[in-house]
Amino acid sequence: MVFIFNVCCVAGMYAQDFADIKGDASYVWGQGSSETLQSADDAAVRDLISQISVNINNEVETTISNEQSGGDAKSSVSTTGNLRVSSSVQLSNCKRLVKEEKGFFIVLRYVAREEIDKMFDARKAKIDDLINAAERAESRNKVGDALRNYYWALKMTISIPEEQRSRMMAEGGIMLTTEIQEHIEDILDSVQIAVKKIEKTEDANSIELTFTYKGRPVTKCDFLYFDGYDWLVSSAKDGVAVAEMPTDARNMKIRMEYMFHHLWKSDPMVNAILEQLSAPIPYPQAEKRVDLTQVAAEEPVMPATNTKAIAKEMSVDSLAACEKQVVFNQAEIVASLIKSMEARKYDDVRSLCTENGWKWFEKLVKYGNAKIIERNELQLSAFANGYLVRGIKASFSFKKNSKTFVEDLVFYLKDGLIDGINFGLEKGALDDIYRHEMWDPKSRLVLVNFLENYKTAYALERLDYLNAIFSDDALIIVGNKLPQTKVSEITAVDEESYEHNKLTKSEYIAQLERVFRKQEYVNIQFEDASVKKTNRTSERYEIIIKQNYYSTTYADKGYLYLLADISDPEMPIIHVRVWDENRNNLMNYGEWIF
């Protein structure tokens, strides 16, 4: 039962008569009595909540069955249950009347019915927002994001009172719950998983999988797979994923993720509702079986790694062209890098790196046990007295994290050595920047590199870099999720339960230092960038970008506003950094920013 009250107290036994409130149909009320005022108030709050709570009754049946037929195993799990679901809202003007009789306090809590209507209106607006986000994600083949938003929208819709829910219709005149269910089923049905390549070793087979949605590579999705001992977490990016299976395995069980329980807390309203409606809605379509014996007769072979072949393969980025001899010179480094990474002989890369380059290679690539799983056409760009190389996709499996994930790597080469490594931006964010054809090509490349440096700096916990890129008088506004508070047995959660604090640069860096010290990892994902120049002649840019933040113990999602000066390509300066959970709210900071 989740509420937060904006309280207006009216104390005294001669205050407004209790009977007037109880007899007025425009109010909902709850009453409690006890020897102490606090206990009486707690009881009144509980009674009030019981009047507002939505009761959802399902026929209860929990079934776990396993069937074995030859080499095939079938398992099914369905869970339903009696649920008493209450609201996660901010109820304004929840008032209180108090009187004392014979040593007992009697408390009446009451609220206007129109305030309750506002609560459900806010929830309906959230549902619309989730559905719109799911549709945008589906259009970009972000299957994981689409499933997450549709599933959360479905659960939120179920929490609406039945008489209101029955009036929530989708286009075409069918009920909204039915429409969302069909979307989820269609997405799960349309995801196809196949084996691209199997690399055999003594202990296990490394399985490279392809994920497609309606014939196109899946941009992003999460899944679980059973390796014969346990269910492991993995993810696909740009249609590619990697899993480790026993050498004698002939098939592979996969479960597509659609509930995303670990992300519920990133949205307070969603979390409060879904925690109450925690029984999962099972989708048989999420269960996939992949035949490991069905591999293409001619397995794809990684392109050659000699210098001549790499130079021939390497294209030159149109944003920052290079001469032919330069391409060949950089190909020598890249050929040695690829050869060492493919053989997992990471220490052989040390001679190819500067001190700084090796430091980040060791922490990111070596510690993450990175393995090249795909080489797109390698792309070379002249950048800041050096060169950027893109096109290498690798899988990572960190020692203290059971999840395997895929990232694009960007290497910075300078003076014949590797001097830096970044995780690349998602294709959507890259396209959002590259499409500004009127801007200087080098400026677009600087913006991309800046954002890739910024997000990777958190993964590498590079306080020195973050300290350097913020101006000394930078305006920094951070958002922090407020901890839940308790009122007796009632957990009070505000749907807007964030606080926003203005920090100095030194305060922000000190805060980051504490975060890095406590967290085993910090991972930031950027998508849906919106970038504009402040004026034609300057190199100042306003960036609004969707940020998904994950760490060992905390996760949130929201929008980041950056006002950055990229006049110096090697060291852009951030003058303003604002985070807010709502993109529209960023506009409210205008008077502070300017």
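Residues numbered from 1 in each chain as written. Predicted model: local features only at pLDDT ≥ 70, side-chain atom pairs only at ≥ 80, totals over all residues. Heavy atoms only, no water.

Asker: Go over helix H12 (residues 441-459), please, and point to the residues and values.
Answerer: Taking 1.5 Å as the rise per residue, H12 with 19 residues should run 27 Å; its terminal C-alpha atoms sit 28 Å apart, in good agreement. Where burial is concerned, most of H12 is hidden: 16 out of the 19 residues are buried. With a side-chain oxygen lying 2.8 Å from the backbone nitrogen of Lys442, the N-terminal cap of H12 falls on Asp440. Where H12 terminates, the next one or two residues include Glu461, which has phi positive at roughly 55°. (Helix = DSSP H or I, 4+ residues; strand = E, 2+ residues; numbered from the N terminus. Expected span 1.5 Å × (residues − 1). Buried < 20%, exposed > 50% of the residue type's maximum accessible area, 1.4 Å probe, protein only. Polar contact = N/O pair within 3.5 Å; in protein donor to acceptor, adjacent residues only side chain to side chain.)

Asker: Kindly report on the pattern of salt bridges, identifying the contributing residues and their values.
Answerer: By the definition in use, this model includes 26 salt bridges. Two residues, Asp145 and Arg148, come together in a salt bridge whose shortest N-O distance is 3.1 Å. Here Arg148 and Asp145 lie together in helix H4 (residues 143-158), a separation of three residues that amounts to about one turn. The same class applies to Asp145 and to Arg148, which are both buried. Arg375 is paired through a salt bridge with Glu342; the nearest N and O atoms lie 4.0 Å apart. Taken together, the residues Arg375 in strand S18 (residues 371-383) and Glu342 in helix H9 (residues 324-342) connect sequence positions 33 residues apart. Residue Arg375 is classed as buried on the basis of its relative accessible area, which comes to 9%. (Salt bridge = Lys/Arg side-chain N within 4 Å of Asp/Glu carboxyl O.)

Asker: Lay out the side chain of Ser471 with the relevant residues and their values.
Answerer: Residue position: Ser471 is located in strand S22 (residues 470-481). In this structure the side chain of Ser471 is engaged in a polar contact, spanning 3.1 Å, whose partner is the side chain of Asp473. Leaving out residues up to four positions away in the same chain, Ser471 has contacts with Lys505, Ile573, Ile574 and His575. (Contact = heavy atoms within 4.5 Å.)

Asker: Before we move on, can you summarise the packing of aromatic side chains with the specific residues and values?
Answerer: If you walk through the whole model with that rule in mind, you get 16 aromatic pairs. Measuring from ring centre to ring centre gives 5.2 Å for Tyr27 and Tyr110, while their planes differ by 85°; the resulting arrangement is edge-to-face. A residue pair is termed long-range when its members are at least 10 positions apart, and Tyr27 in strand S2 (residues 27-34) and Tyr110 in strand S8 (residues 104-112) qualify at 83 residues. On the basis of relative accessibility, which here comes to 24%, the residue Tyr27 falls in the partly exposed class. Judged by its relative accessible area of 4%, Tyr110 falls in the buried class. Ring geometry for Phe383 against Tyr412: centres 6.4 Å apart, planes inclined by 85°, an arrangement best described as edge-to-face. (Phe/Tyr/Trp six-rings, centres within 6.5 Å; stacked < 30°, edge-to-face > 60°.)

Asker: Any chance you could break down the layout of surface pockets for me, citing the residues and the numbers?
Answerer: By volume, the second largest pocket is sized at about 910 Å³. What lines the second largest pocket is a set of 32 residues, among which Lys126, Asp129, Lys557, Tyr559 and Glu581 lie closest to the centre. Looking at the lining of the second largest pocket, the element that brings in the most residues is helix H3 (residues 113-139), giving eight residues. Of the residues in the lining of the second largest pocket, the class split is ten nonpolar, five polar and 17 charged. (1 Å grid on protein atoms, 1.4 Å probe; cavity = no way out; pocket = protein on both sides within 12 Å on 5 of 7 lines; lining within 4 Å. Points joined across faces, edges and corners; volume = space filled by probe spheres on them. Nonpolar A, V, L, I, M, F, W, Y, C, P; charged D, E, K, R; others polar.)

Asker: I'd love a proper account of the nonpolar core, names of residues and values included.
Answerer: Counting residues in hydrophobic clusters, the biggest one holds 62 residues, and the most contacted among them are Val143, Trp152, Ile184, Leu209, Phe211, Met252 and Met256. Tallying contributions element by element places H4 first for this core, with nine residues. With residues near it in sequence (within four places) discarded, Trp152 still touches Leu130, Met259, Phe260, Leu263, Trp264, Ser266, Val270, Leu274 and Lys557. Core analysis: the next-biggest nonpolar cluster, separate from the first, contains 46 residues, Ala384, Leu560, Leu562 and Ile566 among them. (Core = buried A, V, L, I, M, F, W, Y, C linked by side-chain atoms within 4.5 Å.)

Asker: Break down the pairing of strand S10 (residues 205-213) for me, citing the residues and quoting the values.
Answerer: Of all nine residues in S10, seven are buried; the element is thus mostly enclosed. Pairing of strand S9 (residues 191-200) with S10, which is carried by nine bridges, proceeds in the antiparallel orientation. What sits directly across from Ile193, in S10, is Phe211. Two successive antiparallel strands, S9 and S10, enclose a turn made up of four residues. In the sheet, S10 pairs with strand S14 (residues 240-245) via six bridges, with the strands oriented antiparallel. Residue Ile207 lies in a different strand from S14, and its bridge partner there is Ala243. (Pairing = 2+ DSSP bridges.)

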